[in-house]
Amino acid sequence: MATSVKENLAVIQEKIKQTCEKVGRDPQEIKIIAVTKYSTIERTKEAIEAGVIHLGENRDHEFLNKYEVLGDKPTWHFIGTLQSRKVKNIIDKVHYIHSLDRKSLAKEINKRATKPINCFVQVNVSGEESKHGIAPEETVEFVKSLQQYPNIRIIGLMTMAPHIEDETILRTCFQKLRQLQQQIQQLELEYAPCTELSMGMSNDYEIAIEEGATYIRIGTALVGE
Ligand SMILES: *Cc1c(COP(=O)(O)O)cnc(C)c1O
């Protein structure tokens, strides 16, 4: 038997609290996204009943399957690679997109959306070839270039750290994302307040919180079987 989501959530909330105390942050600043990409509907419902508000999915068909059952009750985060031709299927159903990483995708979101969409720019901080996201050195210019799209709102940056144990490397990765965020904030662009940082997963969320995460994306440790 897998542990209940309720128990897992309590453990994570306690760790968030302790980490926040350590670095002088308010735990309220940190939102937990339950990544339900491998979860059944039952397990996902269990998460909602345990008090989870934010759900993250990374594939359009899986998201749509769950949306059909759960509707607008959860706040939906699309966290996976998004093909432009899939945008129209999900755009009026998701609340946040974490994977904006190219101009053509911004153009399509802008075209299909009927209201401004909260987006995170996904940055490939680690530079791993297997990872999606824009290169760090191109990120600021990319954000500047989005001014022409009234339906794109850049609320923050997102990254996936490498799948390793080395704390120093993980920390450096999160720090770089935060530095980019500060550069963007200094531009004071109305469409890009960039107040949020979507970083930290099951293995590294405590380090991410220490480095300024406001949304952590937790799959295995929260809803894993
Ligand atoms: C799967 C996934 C997660 C959650 O990963 P865990 O290690 O299971 O917590 C977070 N973010 C993205 C983009 C993912 O695809």
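Residues numbered from 1 in each chain as written. Predicted model: local features only at pLDDT ≥ 70, side-chain atom pairs only at ≥ 80, totals over all residues. Heavy atoms only, no water.

**Student:** Lay out the pairing of strand β4 (residues 96-100) with the relevant residues and their values.
**Tutor:** Within β4, five of the five residues are buried, leaving the element largely enclosed by the surrounding structure. Here strand β3 (residues 75-78) runs beside β4; their pairing, made up of two bridges, is parallel. The residue bridging F78 from the neighbouring strand is I97, located in β4. Judged from the three bridges that link them, β4 and strand β5 (residues 117-122) form a sheet pairing that is parallel. Bridge pairing links I97 to C119 in β5. Tracing the backbone out of β4, into helix α5 (residues 103-112) and back to the parallel element β5 gives a crossover that is right-handed. (Buried < 20%, exposed > 50% of the residue type's maximum accessible area, 1.4 Å probe, protein only. Helix = DSSP H or I, 4+ residues; strand = E, 2+ residues; numbered from the N terminus. Pairing = 2+ DSSP bridges. Right-handed = clockwise from strand over helix to strand, strands pointing away.)

**Student:** Give me the site of the ligand: which residues, what numbers.
**Tutor:** Every residue close to the ligand is listed here: V35, K37, I79, M158, M160, M201, S202, R217, I218, G219 and T220. Contact between the ligand and R217: a nitrogen atom at 2.8 Å from a side-chain N or O atom of the residue. Note that an oxygen atom of the ligand is positioned 2.5 Å from one of the side-chain N or O atoms of T220. Within the complex, the protein chains bury 89% of what would otherwise be the 390 Å² of accessible surface of the ligand. (Near = heavy atom within 4 Å. Polar contact = N/O pair within 3.5 Å; in protein donor to acceptor, adjacent residues only side chain to side chain. Areas by Shrake-Rupley, 256 points an atom, 1.4 Å probe, with all protein chains shown as cover.)

**Student:** So what's going on with the state of the cysteines? Which residues, and what values?
**Tutor:** Summed over all chains, the structure comprises zero disulfides. Of all cysteine sulfurs, the one in C173 lies closest to C20, which takes part in no disulfide; the gap is 19 Å. C119 supplies the cysteine sulfur nearest to C194, a cysteine that is in no disulfide, at a spacing of 12 Å. (Disulfide = S-S within 2.5 Å.)

**Student:** Please provide a residue-by-residue account of the UniProt feature "domain: Alanine racemase N-terminal" (unreviewed entry) in the protein chain, values included.
**Tutor:** On the UniProt side, "domain: Alanine racemase N-terminal" (unreviewed entry) is annotated at positions that read residues 9-224 here. Secondary structure over residues 9-224 splits into 41% helix and 18% strand, and the C-alpha atoms at its two ends are 12 Å apart. (UniProt positions renumbered as here; feature names shortened; annotations may be inferred.)

**Student:** Report on the UniProt feature "modified residue: N6-(pyridoxal phosphate)lysine" (unreviewed entry) in the protein chain, specifying residues and quantitative values.
**Tutor:** Feature annotation in UniProt places "modified residue: N6-(pyridoxal phosphate)lysine" (unreviewed entry) on K37, given in this structure's numbering. Summarising the element assignment, K37 is placed in the loop between β1 (31-35) and α2 (41-49). According to the relative accessible area criterion, K37 is partly exposed, its value standing at 30%. Residues within four places of K37 in sequence aside, it is in contact with G56, E57, N58 and E62. (Contact = heavy atoms within 4.5 Å.)

**Student:** Explain the pairing of β3 to me, and be specific about the residues and the numbers.
**Tutor:** A two-sided burial pattern is seen for β3, the buried positions comprising T75 and H77 on one face and W76 and F78 on the other. After leaving strand β2 (residues 54-57), the chain enters helix α3 (residues 60-70) and then returns to the sheet as β3, a path that is right-handed.

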